Amino acid sequence: MVSTTAVTIYGTDWCGPCKQSKMLCETKDIPYVFINIEEDTDARQMFTNRGFRTVPQIFIGDGHIGGYDDLVAFHSA
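Residues numbered from 1 in each chain as written. Predicted model: local features only at pLDDT ≥ 70, side-chain atom pairs only at ≥ 80, totals over all residues. Heavy atoms only, no water.

Novice: Which parts of the structure should I look at to understand the overall build of the chain?
Specialist: Assigned secondary structure in the chain consists of three helices and four strands. Beginning at the N terminus, the succession of helices and strands in the chain can be written as β-α-β-α-β-β-α. The C-alpha atoms of the chain give 12 Å as radius of gyration, which agrees with the globular expectation for 77 residues (11 Å, within 12%). Counting every position in the chain, which comprises 77 residues, the buried fraction comes to 35%. Split by element, the accessible area of the chain, about 4800 Å² in all, is 50% carbon and sulfur. The averaged location of the 10 negative side-chain charges in the chain is 5 Å from the averaged location of its 6 positive side-chain charges. (Helix = DSSP H or I, 4+ residues; strand = E, 2+ residues; numbered from the N terminus. Rg over C-alpha atoms; globule rule 2.2 N^0.38 Å. Buried < 20%, exposed > 50% of the residue type's maximum accessible area, 1.4 Å probe, protein only. Areas by Shrake-Rupley, 256 points an atom, 1.4 Å probe, with all protein chains shown as cover. Lys, Arg positive; Asp, Glu negative; His and termini not counted. Charge placed at Lys NZ, Arg CZ, Asp CG, Glu CD.)

See below:
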């Protein structure tokens, strides 16, 4: 079942899996917010504090699901 809760994608503009994550959301009409961690200092601080080292990092609502492959798996279930 596909969630109607907004997806938040933390990433960068140059990241291929970040672009794929946005495309997946757009293709499936899933509402999402993209936050560029290179431009948003608060988001970058959160990213660092949580120990994230790769992009994208994807949340559905308040729950962290992982990266692009995890988003695909979540919306394929």
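Picking up where we left off.
Novice: Where do I start with the nonpolar core in this structure?
Specialist: Formed by Val7, Ile9, Leu24, Cys25, Ile30, Ile58, Ile60 and Leu71, the largest nonpolar core amounts to eight residues. Contributing elements (two or more residues each) for this core: β1 (7–11), α1 (16–27) and β3 (57–60). Each residue touching Leu71, except ones within four places of it in the same chain, is listed here: Val7, Ser21, Leu24, Cys25, Ile58 and Ile65. One finds Ile37, Ala43, Phe47 and Phe52 within the second-largest nonpolar core, a separate group that totals seven residues. (Core = buried A, V, L, I, M, F, W, Y, C linked by side-chain atoms within 4.5 Å. Contact = heavy atoms within 4.5 Å.)

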